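Below are the chains, spelled out letter by letter.
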Amino acid sequence: MPDDGARPPRPTTGDGTDPPRPVVTRDPAADVPPDRPPPPDADEDAPYKRRVGILLALLAVLGAWIGILHTNAATNESNIARETTRTAVIAQASAVVEQTVLRLVEQVQLEADTLGLRPTFTGDPSEIPGLDGADAQPRLSEAQQAVTQALRRDPDTLHELKRTARRRSLTQAALTETRITWNARASQYQTVLTTLGIAIFLVGFTLVLSRRIRPPILIPGLALAVYCFGWAVLIYLKPIPSTAPAAIDSTAQGQTLFDDGQITEAITAFDDAIAADGDYLTPHEDRSIAHFVAANPDFFATGAITDTDGPEFAAALDDAKEALALGGDQSVTTMAVSGLLAFADGDYDTAVRRLTAAAGLNDQTPGVLFYLSAAETARGNADAADRWRDRAVALLDESEPSDRNRQLAAAYYSALEWIAHDVPEQAGAAYEKRDELIALETSFIAGERVSGTAPADATLVINDIVVGDGTVDFDLDVDGIAADDTVTLLAYERPVPDSPWVQPPTLSYIGPLVAPGSAPPLRAERVCRSTEFRVDLYVNGAPADSATAPGVEPTC
Amino acid sequence: MTLETQKRLLALLLGLVTIGAGLFSWRAGQLGSTAAFDDRQSIGQTIKQEQENVEVTLLGAVDAVSYVRYLADYAEAATLDDDADRLGDAGAENLADVRETQADDLRRGATIRAANGGVFGARAVFGDVLEPQPAPRPFDLPQHLDALRAELSTDIRSPGPLDPDEWAQEAEDIRVRMRGLGLAVFVMVVAAAALTVAQVAVRSRSRYGFGALGVVLALTTAATTIATVY
């Protein structure tokens, strides 16, 4: 082989292919001398990575714990959602049954009451010889008794029916509160879990970062994890609202007794409810109304407020305050009742604040809006008073004259009389608003806009007022009225000496005069006997005459 | 056992524990679906049950009022009978007959109306329509309500006896099991954390300690869960 510096030819096998290459094995120890230290990062990171590994494991445990809390909240919410729905169905059914049965019982009573109108029982003696009309009377009584007893009508059973309906309705409301809380709690845990996920990411992310930039990521991650832990503990420690069944039962009992007019017994039942569960809002709210009615027994019948100084009224104020403290500021009833109490207490600023809040929670309550209008009148805010009154009028049922409209209008007139008495400097404004609404009410019932002009010679005379046991009857004469004039008669009464006038809803007549000269009789049922009466005559919506008459010794 | 083998074993255990936790979570989810189904059944049956209650109560109440009208007619007929007796005694036979006929007609009309209205069974009063009973038939409201309820429950379209409370109880029991499974998942995660600590531990005592803790927790939890709430 010549040594000419040229590359020697590659050895080949006999068939011309390359021979296999020799396998070279290397000793790893030969690459890294034994005295050479491992890379500095690897040694220094190992403990850090161990710590982060443990930390991540602990964060996973924390996450699992929050997950359990979330699952518990969600399952509780599911259970209570089911019970809430079932109770709502049952409550609704109970209410339907209660209302229908009560109406049917009224029908039975009416059947018994009207038996006497059947010709057989009137027994005209002139029709058939040998018969005496008086003979029919014992038979009539017997028949009425048989009809009334036909269903073995038991007041306790009816009371129980009402109480059951109320209890179910209250239970449903209480369950709804609990359900909402569990639902909110499950959502909160979900948020904590999501936040914890971010914390775990931040901590884990530091494993791939150089040491220098780890702290700005690690520290927020750890802080977030600690925050999540604290947040979860805080959520866990918050109480779940629940209402003792005994409290619900006593409240239902109280509401039923209140409806039956047994105010003292109702207050006792509300006392029991509050003793069973002091944080239950409803009995505080209801007891406040009950105390108010105990002090002012004719309030719902005639709108009369006769006692704002006694212990019952003070108790009503205390209960309203307690109801507000228990979250009643989210309840239309609590805000409306506490606003009414402030109104009766002469604190018109507070009344306006609370009634405005009630209207804010539900702006479809004309009763609240009328009281707001009256309270604004007391404060001298005529524009605001007009605005609230117009909003209330817009909510009235315009399809036909109704008892509800009459009651609302009567309550407004009584409230304005209250203002005229309590804030004399605003009396003019109060009477102006009263007359405006009377013209409107007259037009509404007459079915056309009245002229607003009264005959100059229209007069009113009170012939007689008969104050009975729980009733009052008026006998009136009017004169100077044309047949096509629309007459409005509104009777007022003064429940106690020097008190404001009140306008009971039933003491009114709006329409044409049926018999010239004679006004239709007015009659109202009430608890209290009044000390003085007044009747206002309006013709075609305009004031025409007014007359007063003495009453009797007041009983309220 | 070498360090390498120990670490491989720990990794295997970690994987098993994680799979166990996943299995329990899956089972909890599956049970949740069953609980939701039971909830739906309970609510559906409650609605049906209340509809039946309302239907029976209102029918019963309306029948009760109809019975009062029936009773009032009978009372009036009794008055006419009295009149007839007096007229007969006074010698006014024709008028007495008129009164008696009026009384019979009143009773017959009341009976037909009550029977057709469902106060009494039509078969029960069949004879009365031809010859009305002189005294009114009795009416027992609770008994009548029972009869109406029985009629409804034997109707071909009736869903049969309903027990929404049982479905509700079943849903609650299932959710108790779900909570148990959730707790098991939590303990399994704790076991996994212990095994992780063992995996990264430098000292052999820590490795053995945490490893044993993880294994004991995982085994106990798995056995208890499968035996009770799975």
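Given the structure is predicted, the values throughout are model-derived calculations rather than measurements.

Thresholds, definitions, all that
- Once a new chain begins, its residue numbering starts again from 1 and follows that chain's sequence as written.
- Whichever chain is written first becomes A and whichever ligand is written first becomes 1, with later ones labelled in order.
- Whole-chain, interface and lining totals are the exception, using all residues; otherwise, since this is a predicted model, local features are given only for residues with pLDDT of at least 70 and side-chain atom pairs are given and counted only at 80 or more.
- Each helix is a run of H or I in the DSSP string that is no shorter than four residues. Each strand is a run of E no shorter than two, and both are numbered from the N terminus.
- With C-beta atoms placed from the backbone, the exposure class of a residue follows from how many other C-beta atoms lie within 10 Å of its own: 20 or more, buried; 12 or fewer, exposed; in between, partly exposed.
- C-beta atoms are first placed from the backbone for all residues, and any pair lying within 7 Å is then listed as a contact.
- Working rule for helices: expected span equals 1.5 Å times residues minus one.
- Arc, as used here, means the arc of the directions from the helix axis to the C-beta atoms.
- Each residue carries a pLDDT value, the predictor's own confidence for that position, ranging from 0 to 100.
- Being paired, for any two strands, means DSSP has found at least two bridges between them.
- Interaxial angles span 0 to 180 degrees and are taken between N-to-C directions of axes, which are lines fitted to C-alpha atoms, for helices over the stretch in contact.
- Under the scheme applied here, ten amino acids are nonpolar (Ala, Val, Leu, Ile, Met, Phe, Trp, Tyr, Cys and Pro), four are charged (Asp, Glu, Lys and Arg), and all others, including Gly, are polar.
- Note that the domain bounds were set by an automatic or database domain assignment.
- A clockwise turn of the near helix away from the far one marks a right-handed crossing, whereas an anticlockwise turn of less than a right angle marks a left-handed crossing.
- Only buried Ala, Val, Leu, Ile, Met, Phe, Trp, Tyr and Cys residues enter a nonpolar core, and they are joined through C-beta atoms within 7 Å.
- Here the angle decides the label: under 35 degrees means roughly parallel, over 145 means roughly antiparallel, 65 to 115 means roughly perpendicular, and every other value means oblique.

**Some remarks on the overall build of chain B**
When its secondary structure is counted, chain B shows six helices and zero strands. With the principal axes as the frame, chain B shows a C-alpha extent of 130 × 25 × 20 Å. By residue count, 40% of the 230 residues in chain B fall in the buried class. Put simply, of all contacts in chain B between residues at least 6 apart along the chain, 74% involve residues at least 24 apart.

**Quick notes on the overall build of chain A**
In terms of regular secondary structure, chain A is built from 17 helices and seven strands. Each of the 556 residues in chain A was classed as buried or not, and the buried ones make up 42%. Counting only contacts in chain A whose residues sit at least 6 apart along the sequence, the fraction spanning at least 24 positions is 66%.

**Some words on helix H15 (residues 382-394) of chain A**
Residues and elements named next belong to chain A. Between its first and last C-alpha atoms H15 spans 18 Å; for 13 residues at 1.5 Å apiece the expected length is 18 Å, and the two agree. Listed as buried for H15 are Ala385, Trp388, Arg389, Ala392 and Val393. Viewed along the axis of H15, the buried residues span an arc of 140°, placing them on a single side of the element. Residues of H15 that are exposed and point more than 90 degrees away from the buried face comprise Asp383, Asp390 and Ala394.

**Re the confidence of the model for chain A**
Residues and elements named next belong to chain A. Residues of chain A with pLDDT of at least 70 account for 85%, and the chain-wide mean is 83. Within chain A, helix H8 (residues 263-276) carries the highest mean pLDDT (96), whereas helix H1 (residues 28-31) carries the lowest (46). Across residues 1-8, confidence stays below pLDDT 50; counting only partners more than four residues off in sequence or on other chains, it has one contact. Here residues 22-35 is a poorly scored stretch, pLDDT under 50, and it has two contacts once near neighbours within four places are set aside; other chains count.

**Quick look at unusual backbone geometry**
Residue and element names in this part refer to chain A. At Asp498, a position not held by glycine, the phi torsion is positive, near 65°. Within the fold, Asp498 resides in the loop between strand S3 (487-494) and strand S4 (508-511). Judged by C-beta crowding, with 8 C-beta atoms within 10 Å, Asp498 ranks as exposed. Although it is not a glycine, Asn540 adopts a positive phi angle of roughly 55°. Mapping Asn540 onto the fold places it in the loop between strand S6 (532-539) and strand S7 (542-550).

**A look at the sheet that holds S7(A)**
Residue and element names in this part refer to chain A. Read across the open sheet, the four strands follow the order S4-S3-S6-S7; overall the sheet is antiparallel. In this open sheet, the two strands that pair with only one neighbour each are S4 and S7. Between one strand and the next, the sheet's axes are offset by a mean angle of 15°, whatever the strand orientation. Taken together, the eight bridges between S3 and S6 define a ladder with antiparallel strand orientation. Within the sheet, the bridge partner assigned to Val487 lies in S6 and is Val539.

**Examining the interface of chain B and chain A**
Frequently, the measure chosen for interface size is the accessible area that the parts lose on association. If you look at the interface, chain B gives 50 residues, while chain A gives 44 residues. For the side of chain B that touches chain A, the elements supplying multiple residues, two or more each, are helix H1 (3-89) and helix H5 (164-200) of chain B. Sorting elements by how many residues they give to the side of chain B that touches chain A places H1(B) first, with 28 residues. Counted by class, the side of chain B that touches chain A contains 33 nonpolar, seven polar and ten charged residues.

**Re the domain arrangement of chain A**
What the domain assignment lists for chain A is domain 1 (42-103 + 157-237), domain 2 (255-354), domain 3 (363-449) and domain 4 (459-550). Its C-alpha centre places domain 2 of chain A at a distance of 31 Å from the equivalent point of domain 4 of chain A.

**Notes on the pairing of S6(A)**
For S6(A), the buried fraction is high: seven of the eight residues fall into the buried class. Hairpin remark: S6(A) followed by S7(A), antiparallel, with two residues in the connecting loop; positive phi at Asn540(A), about 55°.

**Let's talk about the confidence of the model for chain B**
The pLDDT averaged across chain B works out to 86; a share of 94% of its residues lies at or above 70. As a predicted assembly, this complex carries a pTM of 0.73 together with an ipTM value of 0.77.

**Observations concerning helix H13 (residues 348-361) of chain A**
Residue and element names in this part refer to chain A. The terminal C-alpha atoms of H13 lie 20 Å apart, and with 14 residues this matches the ideal 20 Å at 1.5 Å per residue to within 8%. Within H13, burial applies to Tyr348, Ala351, Val352, Arg354, Leu355, Ala358 and Ala359. The elements touched by buried residues of H13 are helix H12 (332-344) and helix H14 (366-378).

**Considerations on the environment of Tyr509(A)**
Tracing the sequence through the fold places Tyr509(A) in strand S4. Sequence separation between Tyr509(A) and Leu110(A) is 399 residues; the distance between their C-alpha atoms is 25 Å.

**A look at the packing of helix H11 (residues 311-325) of chain A against H12(A)**
All names here are of chain A. Relative orientation of the contacting elements H11 and H12 amounts to 145°, with a least axis distance of 10 Å. Read as a crossing pair, H11 and H12 show a hand that is left-handed. Here H11 contributes Ala316, Leu317, Ala320, Ala323 and Leu324 to the contact with H12, which in turn contributes Thr334, Val337, Ser338 and Leu341. Tallied by class, the residues present in the contact of H11 with H12 amount to seven nonpolar, two polar and no charged.

**A look at the nonpolar core**
Core analysis: the biggest nonpolar cluster contains 155 residues, and Leu355(A), Tyr371(A), Ala375(A), Met188(B), Ala191(B) and Leu195(B) have the highest contact counts within it. Discounting residues that sit within four places of it in the chain, Leu355(A) has contacts with Ala336(A), Gly339(A), Val368(A), Tyr371(A), Leu372(A) and Ala375(A). Of all hydrophobic cores here, the second largest spans 39 residues; its members include Tyr70(B), Leu80(B), Ala96(B) and Phe120(B).

**Some words on the packing of H1(B) against helix H6 (residues 204-228) of chain B**
All names here are of chain B. At a minimum axis distance of 11 Å, the contact between H1 and H6 shows a crossing angle of 30°. One element, H1, and the other, H6, form an angle in the roughly parallel class. The way H1 lies across H6 gives a crossing that is left-handed. Within the contact between the two elements, H1 uses Gln6, Leu10, Leu13, Val17, Gly20 and Phe24 and H6 uses Arg207, Gly211, Gly214, Val215, Ala218, Ala222 and Thr225. When grouped by side-chain class, the residues that make up the contact of H1 with H6 number seven nonpolar, five polar and one charged.

**Some points on the environment of Ala358(A)**
Residue and element names in this part refer to chain A. Looking at where Ala358 falls in the secondary structure, it is placed in helix H13. Each C-alpha atom of the pair Ala358 and Val368 lies 7.4 Å from the other, and the pair is ten residues apart in sequence. Here Ala358 is in contact with Val332, Met335, Ala336, Gly339, Thr365 and Val368, once residues within four sequence places are set aside.

**Some remarks on the pairing of S3(A)**
All names here are of chain A. Along S3, eight of the eight residues are buried, which leaves the element largely enclosed by surrounding structure. One ladder, built from four bridges, connects S3 with S4; its direction is antiparallel. When the bridges of S4 are listed, Thr488 appears paired with Ile510.

**Overview of the environment of Gly254(A)**
Residue and element names in this part refer to chain A. By secondary structure assignment, the location of Gly254 is in helix H7 (residues 245-259). Here Gly254 falls in the buried class, since 29 other C-beta atoms lie within 10 Å of it. Separated by twelve residues in the primary sequence, Gly254 and Ala266 place their C-alpha atoms 4.2 Å from one another. Excluding residues within four positions of it along the chain, Gly254 makes contact with Ala266, Ala269, Phe270, Ala273, Pro283 and Asp286.

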